[in-house]
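# Structural overview
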Protein chains: 2
Amino acid sequence: MPITYDDFKKLGMRLDMSRGKPSPEQLDLSRALLDEAGTVGFLSRDGIDCRNYGHGLGLPEAREFGASLLDVPAAQVVAAGNSSLELMYDALAFAMLFGVPGGDAWRKHDDVAFLCPAPGYDRHFAICEALGIRMIAVPFHDDGPDMDFVEAQVRDDASIKGMWCVPLYSNPTGAIWSTDVVRRLASMPAAAADFRLMWDDAYRFHHLTELKLTTPDILEACTAAGHPDRALVFASLSKVTIAGAAIAFFASSQRNIAWWQARTSVRTIGPDKLNQLRHVRFLHDRAGVERLMDRHRTLLKPKFDAVATAFGKWLGGVADVSWNEPQGGYFISLYAPLGLAKRTVALAAEAGLVLTPAGAAFPYGIDPDDRHLRIAPTFPSLDEVRQAAQGIALSLLRAIDETR
Amino acid sequence: MPITYDDFKKLGMRLDMSRGKPSPEQLDLSRALLDEAGTVGFLSRDGIDCRNYGHGLGLPEAREFGASLLDVPAAQVVAAGNSSLELMYDALAFAMLFGVPGGDAWRKHDDVAFLCPAPGYDRHFAICEALGIRMIAVPFHDDGPDMDFVEAQVRDDASIKGMWCVPLYSNPTGAIWSTDVVRRLASMPAAAADFRLMWDDAYRFHHLTELKLTTPDILEACTAAGHPDRALVFASLSKVTIAGAAIAFFASSQRNIAWWQARTSVRTIGPDKLNQLRHVRFLHDRAGVERLMDRHRTLLKPKFDAVATAFGKWLGGVADVSWNEPQGGYFISLYAPLGLAKRTVALAAEAGLVLTPAGAAFPYGIDPDDRHLRIAPTFPSLDEVRQAAQGIALSLLRAIDETR
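Okay, so let's go over this structure. (Residues numbered from 1 in each chain as written. Chains lettered and ligands numbered in written order. Predicted model: local features only at pLDDT ≥ 70, side-chain atom pairs only at ≥ 80, totals over all residues. Heavy atoms only, no water.)

Below, the discussion takes up the overall build of chain A. Along its length, chain A carries 14 helices and 14 strands. Computed over its C-alpha atoms, the radius of gyration of chain A comes to 22 Å, within 12% of the 22 Å expected for a compact globule of 404 residues. Seen through its principal axes, chain A has C-alpha atoms that stretch 65 × 55 × 35 Å. Within chain A, the proportion of its 404 residues that are buried is 62%. By sequence separation, contacts in chain A at least 24 residues apart represent 76% of the contacts at least 6 residues apart. (Helix = DSSP H or I, 4+ residues; strand = E, 2+ residues; numbered from the N terminus. Rg over C-alpha atoms; globule rule 2.2 N^0.38 Å. Buried < 20%, exposed > 50% of the residue type's maximum accessible area, 1.4 Å probe, protein only. Contact = heavy atoms within 4.5 Å.)

What follows is the structure, given as structure tokens:
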């Protein structure tokens, strides 16, 4: 194993670790979903011909399946296409063009802003940037966003129309939002009557330990607090079965679902119900999902451990350097000393290792401290992850060296 | 067979002919696409793992397949999800929010208008209505829209940003737009620099006769006329393979494709490439599509003939009643005497026969003459179509009787 950055560079590694993609071995866990696709036929449990048009909110049994995963009534769940990102984009585009229940079209306002716990998911922030929604970075703690900050902002500023939330194993910090944080989000007074929580429950079943952690039910909490329409919940099976060809879900209040139906019925005649049928038949129920996720964990845990081991070996005790060991999700956050994240990414790239651009996890791509690195260890093989983690550590150490 | 409306009513028919859906027998033509789905695997010709994320513009071989169908270079084709309606909606939503190349966001203008040849496709008009785009009905001839009218409107009125076009076997009139109409659309001066033709080539392969008619290549015509970015072309395999689970295509100039990529890359990580792979392997090439469409024609032609026969028998020679015998597409237009379309639909409904609401094919759902009926004979069985056509004719005759 190399012991300096220059040794590592000589290995001539060629590896892209920039995105949180599942590995081929993970995708193989759902091989039966593909191999047995020909045996599923096209008739749903209810006799619906899944080949034809219709059922804009999804196949009834797919909605019921989603409901069992999300602990909400099926009438409050939409089963959609292959991407929850599309659903989140559409929700905000609909809000801009038409408004959400309780308010007028956001495009009619000069200033529309969103709270963005940072570091967060770069694609969330890209949607805001594209739609011209001003982003306000929110400081992040281990138990979620800084709620004193959030409450103060939302109470006084009617231009703040919403907030991004990844409540469990936050992308990329791994934070698990506490019961108190969730309760405060649901109950806080908001100056904007149409304030919305964009609740991206992306890692609901993506545990890395045997503790199957959960966060409180946000729809229930909002209803209890007298804000039944506040939360829009998104989830996806993309990192459960097939990354590019799974099912996405949207869950919310009856009023928000009726809004969604009215808006989407102009856009589409319905989702791919055959793929929904295949998924329901393959996964069966929530227990089926959990069994499959246990097998993902078996593949993923050693990769996360390998990163922790390498970082511990090379970076343990280095001043101003820290990282987290997440209990779930797809990412590790590594913090370089002030001002060295970009340089570390550049050095890694020179050695053939493509990392997520420094700053990507912040609104407008700008990490004010230039400290944060998002590490995505899921896609490469375990050997590659071991080597890459060492390479990242050596790149960071070289970046520190350069400042001396 | 019944000989009066009352006789027909006594049959107690229960049939929904409101939408242009393929029949189960048509969907069975692509049975191998489902039955053999398990044998296709997940690796594309180029070694792409179709299960994972990425390829936002579609699987390369699916784009090439689309290019061969649409006679354009693959670089100018996007292979997308299961619905061309979604692509058309997104194109106009992007135009409203961000603008198209050559102009600013349409939402910044007080008045945005579209030309709508009428009768036309109700879902096109629903998109305009939802987005607040003012619709201007355009008179329709057998060879396409009234071009003198179109040219005069577009030349002088900068608020007119686009026009809906279904060039071949227009929904629902069956019109085939002439070379002269297409040339004039491509070359006419437009007051709005960002004027767009929404070119919905929905029935490109949907011939009902052995004449495989075509319309001139609109992208080529626009380029030749110095308006390379004018046309946005949409097509779909939904009525070729599986209505709810096929592939949709978008084709346009390089500049418009770059615009599409920039806008959609914020919304999605990519389409379902597995379904694209299955389609390419099943259909192979353009000849494969044409062979399959011949088999659709064998199923569809008798239904269209049955309607023509029934109408000829019952309505032949009735004053102010006419209908078309389309050479392709999914619909027949029946014209009642002035003011009797709504009543005919109501009488048919009383007899258990659900037709498309009268007026649906016009902007805002209003047929100023209340004459037009859209007949969708594809979904029911041939026996049902025979009976339904007679029922429609008898309902119309009763509506006429009532005025005497």
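Looking now at the interface of chain B and chain A. Each partner contributes to the interface: chain B provides 53 residues, whereas chain A provides 53 residues. At the boundary of chain B with chain A, total buried surface from both sides reaches about 4600 Å², with 56% on carbon and sulfur atoms. The interface formed by chain B and chain A holds six salt bridges in total. Note that Asp90 of chain B and Arg267 of chain A form a salt bridge whose closest N and O atoms lie 2.8 Å from each other. At the junction of chain B and chain A, the tally comes to 18 residue pairs in polar contact (both at pLDDT 80 or more). Elements represented by at least two residues in the side of chain B that touches chain A include exactly helix H2 (24–28), helix H3 (31–35), helix H5 (84–98), helix H6 (122–131) and helix H11 (273–283) of chain B. The element best represented in the side of chain B that touches chain A is H5 of chain B, accounting for nine residues. Broken down by class, the residue content of the side of chain B that touches chain A amounts to 27 nonpolar, eleven polar and 15 charged. (Buried area = accessible area lost by both parts, 1.4 Å probe. Salt bridge = Lys/Arg side-chain N within 4 Å of Asp/Glu carboxyl O. Polar contact = N/O pair within 3.5 Å; in protein donor to acceptor, adjacent residues only side chain to side chain. Nonpolar A, V, L, I, M, F, W, Y, C, P; charged D, E, K, R; others polar.)

Next up on the list: the relation of the copies chain B and chain A. The operation relating the pair of chain copies consists of a rotation about an axis and a translation along that axis. Aligned on chain A, chain B shows an RMSD of 0.0 Å; the corresponding rotation is 180° and the shift along the axis is 0.0 Å. The operation mapping one copy onto its partner corresponds to a two-fold rotation axis. A share of 100% of interface residues in chain B that are also interface residues in chain A marks the association as one of identical surfaces. (Least-squares fit on C-alpha atoms with pLDDT ≥ 70 in both.)

Here we take up the side chain of Asn52 of chain A. The residue Asn52 of chain A is located in the loop between helix H3 (31–35) and helix H4 (60–70) in this model. Overall, the relative accessible area of 4% leaves Asn52 of chain A in the buried class. Within the local environment of Asn52 of chain A, its side chain forms a polar contact with the backbone oxygen of Pro22 of chain B, the two atoms lying 2.9 Å apart. Ignoring any residue separated from it by four or fewer positions in sequence, one finds Asn52 of chain A in contact with Lys273 of chain A together with Lys21, Pro22, Leu27, Ala243, Gly244 and Phe379 of chain B.

Worth remembering: the numbers are spatial, not functional.
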